[in-house]
Amino acid sequence: MRTTRTLNGVRYAAVLTVVVALTMITAPALAAGIEIVVGAPERVVVGQDVVVKVVLSQDGNPVEGAEVALTYQASVAGESGRVELASATTDVTGTALIVYQQRADDNREMQIVYLGPDTDPVAPFTFTIDVAGDGTQLYVTESGLRIPFLNGTVVILVISGVWVLIALSAIYLVRVGREGRQSDKASRETGSIWISFVLATVTIVTAAGMVIVFVRAPVSNTHITDPDGYDRTIVNYVDVSYPYEGFGLNNASAALTGDMNTDGGTLYFQFACGACHGLTGQGAVVGPALIGEIGSFGTFSEDIREGPKGMPAYGEETISDEELEKIYRFLDDGG
Amino acid sequence: MDTLTNWRERLITRTTRPTLVTTYRYWLWLGFLVVIVGNGVFQYTRQLREGLYVTDMRDRISWGLYITAFVFFIGISHAGTLISAILRASKVSWRAPVTRIAEFITAVALIVGASFVLIDMGRPERIFNVYLHGRWQSPIMWDVMAITTYLAASIIYLYAPMIPDLGLYRDRLKNKVGPVRNFVYRTLALDWNGSPKQFKLLGKAIGIMMLIIIPIAVSVHTVVSWIFSMTLRVGWNTSIFGVLFVAGAIFSGVATLILVMAVLRKIYHWEEYLTQKHFLYLGYLLAAFGAFMVYVNINEYLTEGFKLEEAGEFAFRQLFIEDFAVMFWFYAIGGLLGPVVLMLIPKTRTIAGVVTAAILVDIAMFLERYFIVVTGLRVPLMPYEPANYAPTFVEWSIFIAGIAFFCLLITIAIKIFPMLAVWEMTEEHEYNCAREHPTEPLPTEFEKVAVAMPEKTLPDDESTTQGSAS
Amino acid sequence: MRREPSKSENSTESDAGAATSVDRRSALRYLGFGVLGAVPLVASAPLMDSLVHDIIKGSTSDTLATDASPATTRSGRIRQWTMIIDLRSCDGCQSQGTPPQCATACIEGHLVPQPMEWIEVYEADLAGGGTQFIPTPCQQCENPPCVKVCPVGATFPTPEGTILIDQERCIGCRICMAACPYDRRFFNWGTPPAPPEAALADYNPDHQTPASRGTVMKCDFCPDMVRDGTLPMCVQGCPNDAIWYGDLEEDIATNGRAIVKATRLISENSGYRLKEHLGTQPRVYYLPGHGENIGRDPDDEGRMPTEWPWIERAEGAVTWTR
């Protein structure tokens, strides 16, 4: 089995104490007089368990029983926002240790946020923790057992053994025919030749079938172990996105009939606009109605190129300007 | 012994009669079968045109009559293995007249059973994907491998013991049949001349197959059962399916063998060879397997029913009390206990009794395959109302056409191939005669053979009677 | 029983065994042949593998996006898609007075043939009375029973953990439908009802349009949309933002409005998975509830039946019951 992606995080989990230089950061005095001092490693590795030490004090006195949370700015599937990683409560010395496992590739705008109990607003404290990562996958599906020798080899052995015996039996029959021909030179029967021919064909077809099946069949049915071999779709990597191209057309000339309206309708379907906005632009659950709602071509094309919330952005490589015009014409004319 | 030659000649006459004489009844029967098969083919073209929509299978009950038929016919194919292989390996003497019929049933049933898988596919034209893109980890691939192996093995196992008889036909029927059959006999007889060397080679061929076809046959129906028991469905998710299916296969195989035997015996007057003893012994086998099936079923249903895990109550209710109750209890009482009772009562220990038992068993085993498939799929997986399934006319047509095709292949085979194993029967008969007259030494193996094939083994001036110690 | 073989003028060789029997020695010899015969096959397996690898594997490669080799990123980790469905915010769209919007959005977005519901809202009985609504997409199991049984590998896992179906390879045997314990796979029994435009689409397992007869379909977690950075149709369609979609590798999830740490959302709300005891290890988590966050009473039963809004454009369509 390929084990290119092992759970390195496990090893780092043993390192709970901060081994890189702690940088003491002092915070400016805050509105409610609560001072936040944060100690965190400068740089962490993906998968590592990170300890962030937060000390709250007010007028020099430690603040006990305050809840603080660690957040960072994240984005996934087109949505960005602040994610709360973990929280902790300060003890009698005003110290809280927030522990979290570094999963993100990038800790943008890490913040310590004061949650309570004081209701006066406390400005969050922003700092940075750099992340280094070697691209080792953390979440690895472990389902499935690997028992040595209990795999395709056994199946091949058993089946080959049985077919060898079958072939052996057929060979004896061929020899029966040959023996008959030798003892009676006058006969010219072709039975044994037929049998040899059928036997050879069946053997070759079966052996070829087995070779093809066993060589080509994918090794595992779990996920991460064989990313290059068996997938038939593009893999999506973190921080990389591919342009959304909708349904595509199985025949490009379908959108080149020459009639702007018809072509627009085809393109409207091709880029899956209809999937969200309804096949005639009348609106659907996900996308609002477009008929009668689109303004000028300028605002229309701006929206498409930028991609409002929830909608993919269609760049020029995806939809050319001429194609955009056709779609606009199709919608403007009533879908 | 005079009577031996006469006996043998009589046997040959009786055996070759179906090949030589064709009455109008045969053509009527053949036409009838062709019409049924033709209707099945026509309905299948409807299915090809419109899709599996023409059946009553739907998302919730996605397998039905076709898969039932597949399992049923593969099950019947175990007749040959039991009679030919196991009984031959145990050197049981009464099996001789029965072996050929059993082996034919095996080969034909495998062909019909495998075609039902193709009929059930949504995209039959993509069958070669199984070779180009096959995943050997899949239970269906194991099925493909096992059935292909079993088909190859059973064709050899059908053909090899038939070679001496084909030699006989080649010699005896040379001027009595047309050129096609002559060609078939000449080619398939492999220049058989009955020499000891040929017998030795033939013996080796048969011997190998006899040994390996038993594990192959067991594996085939076990693998078929795994198509069901490798899923997580209530009612299927049980490890006993392998045993249940193999036992059921042999059970239904013996029953089908009894039925075919009874029909052929009646039509061709083979009462001298397929005697009451044969039927009774097969009946005892049927009863024995019936009892074993009762045991296996008790194991399965009692352990599952005692616990009634999630959805177990629904599964049992639909099977024992509500929707499928008639089917199930007919199977349990009529099909499983029936043969046992019929063979225990002296009054029904007759050929008629055995044939009745066989009919009950075949119907019951078909119903068992049906309710295993349908009830397993009918148990709701999520909170929805259970679906229902009732096969449509298309499905029934194709299924009946499958049965008709089975009969058709055997009907055609009768016209060409010897349905009684002449040389083996002669061998055994001679041996039995000699045992009754112990004053004379028993024939050697060669001499037994010499008796079986007198035309080719002894020089002309020798008498064809048994050579005594001289 | 048998006496010594007596001499006969024509015994050419002593035949030790009967004409149809094999003695133990020969039997062992044959078995030995069998094993011996298998050895070269096994030994040559690696050779065969490399020999045929380029011929068979390479030339018939059927990756549908072969030229889009993934760009290397700073770290190159693969997202592991997951869905978290907050049942506290799901009332089957009772309050909306419409059929469940997640199902409708999915149906519109993929032109799902009637009567398939790739995400289906079941109404389950609660132990203490009343009901809860459970929107059930394909559970995208990590130990998927459907993938394991497919004879041709038509259903396959992607590295992101999504299970897809290649309708151009499916042979329609339906063993995957028997194997799925969640009732999440659907078959095109007849010609699938589709609007006329669907025939123009370029088929791809990522968007399953157009559907083809005699093959299996199911929810695919909208891989083409999430790859770009848009949420799946059902997530976007839910009016109460009850469905969260996320990545277990970076451990975040979003419902279109907020973004949270996925495992925290699950564990702090006692999240569970369906039919855990079957060992399928599904990727869809549920936060227990019955719509209380949007004011639903558990005794408020019933929802509007699902509709296929585009169906009137599919002329002469044949549909069937589930």
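Residues numbered from 1 in each chain as written. Chains lettered and ligands numbered in written order. Predicted model: local features only at pLDDT ≥ 70, side-chain atom pairs only at ≥ 80, totals over all residues. Heavy atoms only, no water.

1. Observations concerning the packing of aromatic side chains
Residue and element names in this part refer to chain B. Here the structure, examined in full by the defined rule, presents 50 aromatic pairs over all chains. Residues Tyr268 and Trp270 carry aromatic rings whose centres are separated by 5.5 Å and whose planes lie at 35° to one another, so their mutual orientation is tilted. The class for Trp270 is buried, based on a relative accessible area of 0%. In textbook terms, an aromatic cluster arises when at least three aromatic residues are bridged by ring pairs, as seen for Phe72, Phe73, Phe116, Phe366, Trp396, Phe399 and Phe406. Residue placement shows Arg60 over the ring face of Tyr384; its charged tip is 3.5 Å from the ring centre. Across from the ring centre of Tyr26, 4.5 Å away, lies the NZ or CZ of Lys415, which sits over that ring. (Phe/Tyr/Trp six-rings, centres within 6.5 Å; stacked < 30°, edge-to-face > 60°. Buried < 20%, exposed > 50% of the residue type's maximum accessible area, 1.4 Å probe, protein only. Lys NZ or Arg CZ within 6 Å of the ring centre and 35° of its normal.)

2. Comments concerning the interface of chain C and chain A
Listed per partner, the contact involves 94 residues of chain C and 83 residues of chain A. Contact between chain C and chain A buries roughly 7900 Å² in total, counting both sides, with carbon and sulfur atoms accounting for 61%. Scanning the region where chain C abuts chain A turns up 2 salt bridges. There are 20 residue pairs in polar contact (both at pLDDT 80 or more) connecting chain C and chain A. For the side of chain C that touches chain A, the element with the highest residue contribution is helix H1 (residues 24–43) of chain C, accounting for 8 residues. Residues that form the side of chain C that touches chain A fall into these classes: 41 nonpolar, 26 polar and 27 charged. (Contact = heavy atoms within 4.5 Å. Buried area = accessible area lost by both parts, 1.4 Å probe. Salt bridge = Lys/Arg side-chain N within 4 Å of Asp/Glu carboxyl O. Polar contact = N/O pair within 3.5 Å; in protein donor to acceptor, adjacent residues only side chain to side chain. Helix = DSSP H or I, 4+ residues; strand = E, 2+ residues; numbered from the N terminus. Nonpolar A, V, L, I, M, F, W, Y, C, P; charged D, E, K, R; others polar.)

3. As for helix H14 (residues 325–344) of chain B
All names here are of chain B. When the terminal C-alpha atoms of H14 are compared, their 27 Å separation across 20 residues agrees well with the 28 Å that a helix rising 1.5 Å per residue should span. Most pronounced at Gly338, the bend in H14 amounts to some 50°, and the proline Pro339 follows within four residues. Every buried residue of H14 is accounted for by Ala325, Phe328, Tyr331, Ala332, Gly334, Gly335, Leu336, Gly338, Pro339, Val340, Leu342 and Met343. Looking at the buried side of H14, the elements it contacts are helix H11 (241–268), helix H12 (276–307), helix H13 (312–321) and helix H15 (351–378). (Expected span 1.5 Å × (residues − 1). Bend = angle between axes of the 7 residues up to and from the residue.)

4. Digging into the environment of Thr238(B)
All names here are of chain B. Within the element layout of this structure, Thr238 appears in the loop between helix H10 (196–229) and H11. The exposure class assigned to Thr238 is buried, which follows from its relative accessible area of 11%. Linking Thr238 and Phe228, residues 10 residues apart in sequence, is a C-alpha distance of 9.1 Å. Other than its neighbours up to four places away in sequence, Thr238 contacts Ser229, Glu300 and Glu304.

5. So, the pattern of salt bridges
Throughout the structure, instances matching the rule amount to 37 salt bridges over all chains. Linked by salt bridges that have partners in common, Asp59(B), Arg60(B), Glu120(C), Asp183(C), Arg184(C) and Arg322(C) make up one network.

6. A look at the environment of Val238(A)
Within the secondary structure, Val238(A) is located in the loop between helix H3 (191–216) and helix H4 (260–270). For Val238(A) and Asp106(A), which are 132 residues apart along the polypeptide, the C-alpha to C-alpha distance reads 11 Å.

7. Structural notes on the sheet that holds strand S9 (residues 252–254) of chain C
Each strand in a sheet pairs with its neighbour through backbone hydrogen bonds, running either in the same direction (parallel) or in the opposite one (antiparallel). All names here are of chain C. Taken together, the 5 strands give an open sheet; going across it, the order is S10-S9-S8-S1-S11, and neighbouring strands pair in mixed fashion. In the strand order of this sheet, the two ends are held by strand S10 (259–261) and strand S11 (284–287), each with one partner. Here the average twist between neighbouring strands, direction ignored, is 25°. Alignment of strand S1 (residues 81–86) against S11, held across 4 bridges, turns out to be parallel. When the sheet's bridge partners are listed, Met83 is paired in S11 with Val284. (Pairing = 2+ DSSP bridges. Axes fitted to C-alpha atoms, helices over the stretch in contact; angles between N-to-C directions.)

8. Structural notes on the pairing of S1(C)
All names here are of chain C. Of all the 6 residues making up S1, 6 are buried; the element is thus mostly covered by neighbouring parts of the structure. Side chains Trp81, Met83 and Ile85 of S1 all project onto a buried face; the interleaved residues Thr82, Ile84 and Asp86 project onto the opposite face, where all are buried too. Bridge count for S1 against strand S8 (residues 243–247) is 5 bridges, and the pairing is antiparallel. Among the inter-strand pairings, Trp81 is bridged to a residue of S8, identified as Asp247.

9. Details of the confidence of the model for chain B
Per-residue pLDDT for chain B averages 89, and the proportion of residues at 70 or more is 93%. Of the regions scoring below 50 in pLDDT, residues 457–470 of chain B engages in 19 contacts with residues more than four places distant in sequence or in other chains. (pLDDT = per-residue confidence, 0-100.)

10. Notes on the nonpolar core
Val52(A), Ile112(A), Phe127(A), Trp63(B), Phe116(B), Leu257(B) and Leu282(B) are the most contacted members of the largest nonpolar core, which has 304 residues in total. The greatest single-element share of this core, amounting to 17 residues, is contributed by H10(B). (Core = buried A, V, L, I, M, F, W, Y, C linked by side-chain atoms within 4.5 Å.)

11. Let's talk about the packing of helix H4 (residues 78–89) of chain B against helix H5 (residues 96–120) of chain B
Residue and element names in this part refer to chain B. The N-to-C vectors of H4 and H5 enclose an angle of 140°; their axes lie 6 Å apart at closest approach. Overall, the two elements H4 and H5 adopt an arrangement that is oblique. You can see that H4 and H5 cross each other, and the crossing is left-handed. Along its contact with H4, which presents Ala79, Gly80, Thr81, Ile83, Ser84 and Arg88, the element H5 presents Val98, Thr99, Ala102, Glu103, Ile105 and Thr106. Broken down by class, the residue content of the contact of H4 with H5 amounts to 5 nonpolar, 5 polar and 2 charged. (Parallel < 35°, antiparallel > 145°, perpendicular 65-115°, else oblique. Left-handed = near helix turned anticlockwise from the far one by under 90°.)

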